[in-house]
Amino acid sequence: MKKLVVLSGAGISAESGINTFRDSGGLWENHRIEDVATPEAWQKNPDLVLDFYNERRKQALSVEPNAAHYSLVELEKHFDVQIITQNVDNLHEKAGSKNVIHLHGELFKSQSTENPELVYDIASWELKKGDLCELGSQLRPHIVWFGEAVPMMDIAIDITEEADIFVVIGTSLAVYPAAGLVHYVSAGKPVYIIDPAKPDITFKKNMIFIQDKASTGMEKLKNELRITSDV
Ligand code: NAD
């Protein structure tokens, strides 16, 4: 089976009702990134950061995957599909995708502030002050904040280098290092980019731009790949 690797961003979850922050004037659900998604924000105002991610968790529990997420599950019948997502929601898993790695962390996990390798599941929506890891230190959201290293990046690069087909969905390709992954696709392998807005990158010969939202863009991709929908 050919290996199809997907890099997804906030745009794939837009039709499920989760806003991207770039489409909301640079704010993420009315918050400045600096106030809620940086290590400095955590130092300055941990209550606000905990509240922000508690709200994101509540929202994620109230929405469902959309047709684009399900199309990626369907592609598993035809390809060895590996998803690399920048999203912190769990909609790829909820749709049934088998191989998902989260570059920027996961909403439904927490990590120790003392040892980031201690990671725990969050069963529902709430992470509170006083929730401690086994070492006795406060738990924080298991999110890669702006300015932090991206521990899954090396694995993502290895997966990208093996891709026979690379698909980019719903990402502005503006957040690094994730955006740099397209440069690791082997020469001559096709890169499909699905987005209503053309990303501000230099398009190479192997890049095919499908200007559309994720759900209908995925239908066009399946046509390109000659896959007839059996849903
Ligand atoms: P982004 O940089 O990946 O940009 C969003 C992209 O989605 C834009 O290019 C936009 O044109 C496109 N888009 C908008 N509607 C779309 C649709 N219906 N179908 C397909 N594409 C669509 O993402 P961002 O919002 O700038 O977020 C960057 C980071 O912020 C993420 O990598 C993540 O860590 C975090 N974030 C996560 C979520 C989530 O988990 N759902 C939501 C917002 C932000």
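Calculation criteria
Residues numbered from 1 in each chain as written. Predicted model: local features only at pLDDT ≥ 70, side-chain atom pairs only at ≥ 80, totals over all residues. Heavy atoms only, no water. Pairing = 2+ DSSP bridges. Helix = DSSP H or I, 4+ residues; strand = E, 2+ residues; numbered from the N terminus. Axes fitted to C-alpha atoms, helices over the stretch in contact; angles between N-to-C directions. Contact = heavy atoms within 4.5 Å. Buried < 20%, exposed > 50% of the residue type's maximum accessible area, 1.4 Å probe, protein only. Domains from an automatic or database assignment. Buried area = accessible area lost by both parts, 1.4 Å probe. Salt bridge = Lys/Arg side-chain N within 4 Å of Asp/Glu carboxyl O. Polar contact = N/O pair within 3.5 Å; in protein donor to acceptor, adjacent residues only side chain to side chain. Nonpolar A, V, L, I, M, F, W, Y, C, P; charged D, E, K, R; others polar.

J.: Quick rundown of the sheet that holds strand 5 (residues 100-102)? Include the residues and the values.
T.: One open sheet holds the six strands; their spatial order is 5-4-1-9-10-11, and the pairing between them is parallel. Edge positions in the open sheet fall to strand 5 and strand 11 (207-210), since each of these has one partner strand only. For this sheet, the mean angle separating the axes of adjacent strands, direction not counted, is 20°. Relative to strand 11, strand 10 (residues 191-194) is paired through four bridges, and the arrangement is parallel. For I194, the partnering residue across the bridge sits in strand 11 and is I210. Strands strand 1 (3-8), strand 4 (80-85), strand 5 and strand 9 (165-169) of the sheet are contacted by helix 6 (residues 153-161), whose axis makes an angle of about 145° with strand 4.

J.: A description of the pairing of strand 4 should follow, citing residues and the corresponding values.
T.: Here is the key point about a regular strand: its side chains alternate between the two faces of the sheet. Burial analysis of strand 4 places five of its six residues in the buried class, which makes it a mostly covered element. Sheet topology places strand 1 next to strand 4; six bridges connect them, and they run parallel. Within the sheet, the bridge partner assigned to K3 lies in strand 4 and is D80.

J.: Describe the domain arrangement of the chain, with residues and values.
T.: Looking at the chain, the domain boundaries give domain 1 (1-17 + 66-104 + 150-231) and domain 2 (19-62 + 108-143). Using C-alpha coordinates to define each centre, domain 1 is positioned 25 Å away from domain 2. Each side of the interface is counted separately: domain 1 has 10 residues, and domain 2 has nine residues. Both faces combined, the contact of domain 1 with domain 2 buries some 730 Å², and carbon together with sulfur accounts for 60% of it. Summed over the shared surface of domain 1 and domain 2, the result is zero salt bridges. Summed over the shared surface of domain 1 and domain 2, the number is zero residue pairs in polar contact (both at pLDDT 80 or more). Looking at the side of domain 1 that touches domain 2 residue by residue, the classes come out as four nonpolar, five polar and one charged.

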